[in-house]
Amino acid sequence: MAYLEIENVNVSYGDVQVVNDLSLTVNEGEVVSIIGGNGAGKTTLLKTISGLLTASSGTIKFKGEEIQNRPPEVIVERGLVHVPEGRRLFSLMTVADNLDIGAYNTRAYGQRNHTILGVYDLFPRLAERREQLAMTLSGGEQQMVAIGRGMMALPGLLMLDEPSLGLAPILVLSIFETLRKIADMGTTVLLVEQDVNHSLRLSDRGYVLEHGRVALEGPAKELMDNPHIKEAYLGM
Amino acid sequence: MSALYQSLVNGTMMGAMYGLTALGLTLIFGVMKVVNFAHGSLLMVGMFAAYWLLKITGMHPFLALLIVPPLLFVFGYYLQDLVIKPVFKSERGVREPLTVIIVTTGVWYVLDNLALMLFGAEYRTVRTAISGTSFSMGEVIVSWPKFAGFVVSMLTAVGLWLFMLKTRTGKALRATSMDREAANLMGIDQYKIYNVAFGLGTAIAGVAGCVIIPFYYVYPSVGVVFDIRAFIIVVLGGLGSIPGAILGGVVIGIIESTFAQFMTSTWTEAIIYGIFLLILFFKPSGFFGNKQDW
């Protein structure tokens, strides 16, 4: 049984349909990438999975239970955690408080003082900056807080929306290395990225979204060799 | 000189209580981004609650502080949950929900007129254990009820500040005030947090009611007197700022009491509004307002 199973989901903003009859699955322990250009519906899909948006039809099952159109606080409680695009930190709160609030759900709250040590292990920089306001951090550090905040919720499945957005190439590399570590520790990862090269290298499988539909899917290695992907996304 | 000291002391004490009336307003605005026009009415409810409690039981007004604020918390919590939330939900995704403001205006009218229906328009006062008593500090005579009000206001502000900084719910309130969608993704039920914010703001109005009633009178539209002040204080101190509310309150209180030594009180009102306009022109974010917060 798939860990996350999306079947025939449709999502619209008013009259504009953004996600079209989309199906995808993520198995436990996998790293799965969703790639596609701007406006392909990637962010909309993640927001629908995490409950910020409602699907007009279709089902989303997480660990076998239907979660479509449940509010985000219920979905987080079950271990499906969404690290949003653009980091969205609580800018006037300290790094430590940002991480603390990441463990707000009742499942993670009791263990937060233990979890935070693991996050500081993953990002030693954040331990140094724990008393600094989030707004005073650099872009790379802010992304570390965003990912660390997601880890604080003790995710079974971590969904990340463009974690490499706006970062210098060297930081992009270190973010992907961290994601590798997170996956190796046993967290299932669903990654939305425009950096197709890095994300497919990290992933077991990938989906290519175009106009809100799955245009291609398959093992990451096969996708990287696919002529269409080479031309359209890898610029080769 | 002693007249000046006297008015400074009086102004500071009164000002801290003005700050207290503004605290709930600034909290609700900070979290919900809703200007709560019913805030003065909630203060009126707090004052009437304290009035009837003290009138009927004759208890010490400090004791009322243990009873009225929790009652008002429940009142505010369910007022938001049952009356305001449905409108709020229909405006989901709007940063500063406008129709909610109109709903709070409706709540103001309903509460004031309900009080008028139940209690009549007369001005009521209640004699408490501390009413009319005072002590002297050098040349300055300090009224006990106002001094108590000052201390309680400060303690309430510090308590609220610590609550926001240290507790799980406090952090959730701050997170929601900064980014409600991101807070939602952390597992924070934003509508429940709004209930809590509204409940706390109302409870603080209850605290204010308890400290004001020993030296002031209550009537159904008494909220308006404090409400307009509270709005000015909140803008002066910075929308959403706790220390800003108290400092803004003290500034207004001191202006009011010292200028009243030299001119008629109608002029002090004009000066207060003048300063209000200057702040809006030159530092619209107020003393402690943070642009990042917007």
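To start, this report covers the structure provided alongside it. Keep in mind that this is a model prediction, so the values were computed, not measured.

1. With respect to the overall build of chain B
Counting secondary structure elements, chain B contains eleven helices and two strands. Going residue by residue from the N terminus, the α and β elements of chain B occur as α-α-α-α-β-β-α-α-α-α-α-α-α. Here the C-alpha radius of gyration of chain B, 19 Å, is about what a compact globule of 294 residues would show, namely 19 Å. Seen along its three principal axes, the alpha-carbon backbone of chain B occupies a region of about 60 × 45 × 35 Å. Taken across its 294 residues, chain B has 55% of its residues classed as buried. Counting contacts in chain B only where the partners sit at least 6 residues apart, residues at least 24 apart contribute 77% of the total.

2. Here's the deal with the nonpolar core
Here is a general trend for soluble globular proteins: nonpolar side chains tend to be buried in one another's company. Residues Phe90(A) and Ile188(B) are the most contacted members of the largest nonpolar core, which totals 92 residues. Tallying contributions element by element places helix α8 (residues 190-212) of chain B first for this core, with 14 residues. The residues touching Phe90(A), leaving out its near neighbours within four places in the chain, are Asn98(A), Ile101(A), Ala134(A), Arg149(A), Ala175(B), Met178(B), Asp179(B), Ala182(B), Ala183(B) and Met186(B). With 37 residues, the next largest nonpolar core counts Ala103(A), Leu167(A), Phe176(A) and Ile182(A) among its residues.

3. Quick notes on the environment of Ile130(B)
As for its placement among the helices and strands, Ile130(B) is situated in the loop between α4 (98-119) and β1 (134-137). In this view, Ile130(B) contacts His60(B), Pro61(B), Phe62(B), Trp144(B), Pro145(B), Ala148(B) and Pro214(B); residues no more than four positions away in its chain are not counted.

4. Quick look at the pairing of strand β7 (residues 157-161) of chain A
Residue and element names in this part refer to chain A. Judged by how many residues are buried, β7 sits mostly within the fold: five of five residues are covered. Residues Leu157, Met159 and Asp161 point to one face of β7 and Leu158 and Leu160 to the other, with burial holding for every one of them. Both strand β6 (residues 80-83) and β7 contribute to a ladder of four bridges, which runs parallel. Within β7, the residue paired with Val83 across the bridge is Leu160. Inspection of the sheet shows β7 paired to strand β8 (residues 188-193) by five bridges, in the parallel sense.

5. A few points about the interface of chain A and chain B
Interfaces are often sized by the accessible area lost when the parts come together. Of the residues lining the interface, 23 residues belong to chain A; the matching set on chain B comes to 21 residues. Summed over both partners, the interface of chain A with chain B buries about 2300 Å², with 62% contributed by carbon and sulfur atoms. Linking chain A with chain B are six salt bridges, by the criterion used here. With its nearest N and O atoms 3.7 Å apart, the salt bridge here joins Glu181(B) to Lys47(A). Between chain A and chain B we count seven residue pairs in polar contact (both at pLDDT 80 or more) in total.

6. With respect to the sheet that holds strand β2 (residues 16-26) of chain A
All names here are of chain A. Read from one edge to the other, the open sheet built from four strands follows the order β2-β1-β4-β5, with strand pairing classed as antiparallel. Of all strands in the sheet, those bounded by a partner on one side alone are β2 and β5 (65-66). With five bridges connecting them, strand β1 (residues 4-13) and strand β4 (residues 57-62) associate as antiparallel partners. Bridging from a neighbouring strand, Glu7 pairs with Thr59 of β4. Helix α1 (residues 42-50) contacts β1, β2 and β4 of the sheet and is inclined by roughly 115 degrees relative to β1.

7. Details of helix α1 (residues 2-32) of chain B
One turn of an α-helix holds 3.6 residues; hence residues three or four places apart share an orientation. Look at α1(B): 45 Å from first C-alpha to last across 31 residues, which is about the 45 Å you get at 1.5 Å a residue. Taking the largest bend as the criterion, α1(B) deviates by roughly 30 degrees, centred on Ala22(B).

8. So, the side chain of Ser153(B)
By the secondary structure assignment, Ser153(B) is in helix α5 (residues 144-166). In this structure Ser153(B) touches Ala16(B), Met17(B), Leu20(B) and Ile246(B), once residues within four positions along its chain are discounted.

9. Observations concerning the pairing of β1(B)
Residues and elements named next belong to chain B. For β1 and strand β2 (residues 140-143), the ladder comprises four bridges, and the chain directions are antiparallel. Its bridge partner being in β2, Ser136 is matched across the sheet by Ile141. Joining the antiparallel neighbours β1 and β2 is a turn of two residues, in which Gly138 adopts a positive phi near 65 degrees.

10. Some remarks on the side chain of Lys33(B)
Along the polypeptide, Lys33(B) turns up in the loop between α1 and α2 (39-57). When its relative accessible area of 5% is taken as the criterion, Lys33(B) is described as buried.

11. Overview of the pattern of salt bridges
The final tally for this structure, using the stated rule, is 17 salt bridges over all chains. Across the pair Arg205(A) and Glu30(A) runs a salt bridge whose closest N-O atoms are separated by 2.7 Å. Linking Arg205(A) in strand β9 (residues 205-210) with Glu30(A) in the loop between β2 and β3 (31-35), this pair joins segments that are 175 residues apart in sequence. Accessibility assignment for this pair places Arg205(A) and Glu30(A) in one class, buried. Counted as one network, the salt bridges with shared partners bring together Asp97(A), Asp100(A), Arg112(A), Lys171(B) and Arg174(B).

12. Section: the packing of aromatic side chains
Residue and element names in this part refer to chain B. Summed over the entire model, instances satisfying the criterion amount to 21 aromatic pairs over all chains. Their ring planes at 45 degrees and their centres at 5.4 Å tell us that Phe37 and Phe231 sit as a pair that is tilted. Of this pair, Phe37 sits in the loop between α1 and α2 while Phe231 sits in helix α9 (residues 223-237), and the two are 194 residues apart along the sequence. According to the relative accessible area criterion, Phe37 is partly exposed, its value standing at 27%.

13. A look at unusual backbone geometry
Excluding glycine, residues mostly carry a negative phi; peptide bonds, for their part, are mostly trans. Residues and elements named next belong to chain A. The backbone of Asp21 shows a phi angle near 45 degrees, a positive value even though the residue is not glycine. By the secondary structure assignment, Asp21 is in strand β2. Backbone geometry at Arg88 places phi at a positive 50 degrees, although glycine is not the residue there. Relative to the elements of secondary structure, Arg88 occurs in the loop between β6 and α3 (95-102). Given the relative accessible area of 27%, Arg88 is considered partly exposed.

14. Topic: the packing of α9(B) against helix α11 (residues 265-282) of chain B
All names here are of chain B. Put simply, α9 and α11 touch, their axes get as near as 10 Å, and they point 35 degrees apart. In this structure, the crossing between α9 and α11 has a hand that is left-handed. In this structure, α9 uses Ile228, Arg229, Ile232, Val235 and Leu236 to contact α11, whose residues at the interface are Glu269, Ile272, Tyr273, Ile275, Phe276, Ile279 and Leu280. Tallied by class, residues from the contact of α9 with α11 come to ten nonpolar, no polar and two charged.

Rules and cut-offs
Residues numbered from 1 in each chain as written. Chains lettered and ligands numbered in written order. Predicted model: local features only at pLDDT ≥ 70, side-chain atom pairs only at ≥ 80, totals over all residues. Heavy atoms only, no water. Helix = DSSP H or I, 4+ residues; strand = E, 2+ residues; numbered from the N terminus. Rg over C-alpha atoms; globule rule 2.2 N^0.38 Å. Buried < 20%, exposed > 50% of the residue type's maximum accessible area, 1.4 Å probe, protein only. Contact = heavy atoms within 4.5 Å. Core = buried A, V, L, I, M, F, W, Y, C linked by side-chain atoms within 4.5 Å. Pairing = 2+ DSSP bridges. Buried area = accessible area lost by both parts, 1.4 Å probe. Salt bridge = Lys/Arg side-chain N within 4 Å of Asp/Glu carboxyl O. Polar contact = N/O pair within 3.5 Å; in protein donor to acceptor, adjacent residues only side chain to side chain. Axes fitted to C-alpha atoms, helices over the stretch in contact; angles between N-to-C directions. Expected span 1.5 Å × (residues − 1). Bend = angle between axes of the 7 residues up to and from the residue. Phe/Tyr/Trp six-rings, centres within 6.5 Å; stacked < 30°, edge-to-face > 60°. Left-handed = near helix turned anticlockwise from the far one by under 90°. Nonpolar A, V, L, I, M, F, W, Y, C, P; charged D, E, K, R; others polar.

Interpretation note: all reported values are geometric properties and have no functional meaning in isolation.
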